[in-house]
Amino acid sequence: HSTATVLLTGESGTGKGLVAKALHLRSARAEHPFVALNCAAVPDTLLESELFGHEPGAFTGARTRKLGLLQRADRGTLFLDEIGDLSASAQAKIERFLADREFVPLGGHAPVTVDVRVLAATNRDLPALVQSGAFRPELMYRLDVVALVLPPLRDRREDVAPLIARCLAQHARPGQPVPRLSPDALAALSTYHWPGNVR
């Protein structure tokens, strides 16, 4: 039961989020929260509040105390999806947390320590982003403790038939037999390029 930070890479739609959830559920932290953050979906101005929380009066409109995702994930797992899309300032704050395992909520004074396993995912080429100066090398090294590369579906065509069978079973009408594909249809789908991958 490793507690190592894991970096999941692969094209969009390869199932990085599902793998992150599976890693959590098969860990010693499975009974504790799995908290996910899509880094690309949160504006930079809100990211610090989302992750670290804030105290009343920390900024205009902050009337109550808010627990950040790190505190909500305490003893569990925090999944940072689309980590390659973070701004430089957000990268620095996350790198500092990974180094110290503590943070100060916005408007707060005392540091908060949490026990959180971090999983991160990206469809971007982080080494290339590091080379171009768009991603902090220190953060990449802290994230890339265990690397898992998810290949595109076109490189694992043996997965096509089981995925189709699962989709057909999920969408079958209750009480009706599960539809099946003809061998020719399955052969055609197995040779398809699958640009969206599993999604």
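(A) Quick look at helix H2 (residues 44–52). Every buried residue of H2 is listed here: Leu47, Ser49, Leu51 and Phe52. Those residues of H2 that are buried lie in contact with strand E2 (34–38), helix H3 (69–72), strand E3 (77–81), helix H4 (88–100) and strand E4 (102–103). A positive phi of about 80 degrees marks Gly53, the residue just after H2.

(B) Inspection of the layout of surface pockets at higher detail. Space inside the largest pocket adds up to approximately 580 Å³. Put simply, the parts of the chain that give the lining of the largest pocket at least two residues each are helix H1 (16–25) and helix H7 (160–171). No other element matches H7, which puts 7 residues into the lining of the largest pocket. If you add up the space inside the second largest pocket, you get close to 170 Å³. Along its surface, the second largest pocket is lined by Glu48, Phe52, Lys93, Arg96, Phe97, Asp100, Glu102, Phe103 and Val104.

(C) Layout of a nonpolar patch on the surface. Taken together, the side chains of Val145, Val146 and Leu148 present a nonpolar region at the surface, about 210 Å² in accessible area. Positionally, Leu148 belongs in strand E7 (residues 146–149). Given the relative accessible area of 32%, Leu148 is considered partly exposed.

(D) Quick peek at the pattern of salt bridges. For the structure on display, the rule yields 9 salt bridges. Between Glu95 and Arg136 there is a salt bridge, and its shortest N-O distance comes to 3.8 Å. Pair noted here: Glu95 is in helix H4 and Arg136 is in the loop between helix H5 (126–132) and helix H6 (137–143), with a separation of 41 residues, a long-range link. Given the relative accessible area of 29%, Arg136 is considered partly exposed. What emerges from the salt-bridge pattern is a single network uniting Glu95, Arg136, Glu138 and Arg142.

(E) Layout of the pairing of strand E1 (residues 6–9). Note: E1 against strand E6 (residues 117–122), 4 bridges, orientation parallel. Considered in E6, the bridge of Thr9 is made with Thr122. Both E1 and E7 contribute to a ladder of 4 bridges, which runs parallel. Opposite Thr9, over in E7, you have Val149 as the bridge partner.

(F) Just empty space enclosed by the protein, in detail. The full count for this structure, using the stated rule, is 1 cavity of 30 Å³ or more. Looking at the largest cavity, its volume works out to about 40 Å³. Around the largest cavity sit Leu51, Phe52, Leu70, Leu78, Leu80, Ile94, Phe97, Leu98 and Val118, which together line it. Elements represented by at least two residues in the lining of the largest cavity include exactly H2, E3 and H4. Of the residues forming the lining of the largest cavity, the biggest block, 3 residues, is contributed by H4.

(G) A look at the packing of H7 against helix H8 (residues 183–190). Two elements in contact, H7 and H8, have axes whose closest approach is 10 Å; the angle formed by their N-to-C orientations is 120 degrees. As for how H7 packs across H8, the hand of that crossing is right-handed. Where H7 approaches H8, its residues Val160, Ala161 and Ile164 are matched on the opposing element by Leu186, Leu189 and Ser190. Broken down by class, the residue content of the contact of H7 with H8 amounts to 5 nonpolar, 1 polar and no charged.

Rules behind the numbers
- Residues numbered from 1 in each chain as written.
- Predicted model: local features only at pLDDT ≥ 70, side-chain atom pairs only at ≥ 80, totals over all residues.
- Heavy atoms only, no water.
- Buried < 20%, exposed > 50% of the residue type's maximum accessible area, 1.4 Å probe, protein only.
- Helix = DSSP H or I, 4+ residues; strand = E, 2+ residues; numbered from the N terminus.
- Contact = heavy atoms within 4.5 Å.
- 1 Å grid on protein atoms, 1.4 Å probe; cavity = no way out; pocket = protein on both sides within 12 Å on 5 of 7 lines; lining within 4 Å.
- Points joined across faces, edges and corners; volume = space filled by probe spheres on them.
- Patch = residues over 30% accessible without salt bridge, like charges linked within 9 Å, V, L, I, M, F, W, Y side chains within 5 Å.
- Areas by Shrake-Rupley, 256 points an atom, 1.4 Å probe, with all protein chains shown as cover.
- Salt bridge = Lys/Arg side-chain N within 4 Å of Asp/Glu carboxyl O.
- Pairing = 2+ DSSP bridges.
- Axes fitted to C-alpha atoms, helices over the stretch in contact; angles between N-to-C directions.
- Left-handed = near helix turned anticlockwise from the far one by under 90°.
- Nonpolar A, V, L, I, M, F, W, Y, C, P; charged D, E, K, R; others polar.

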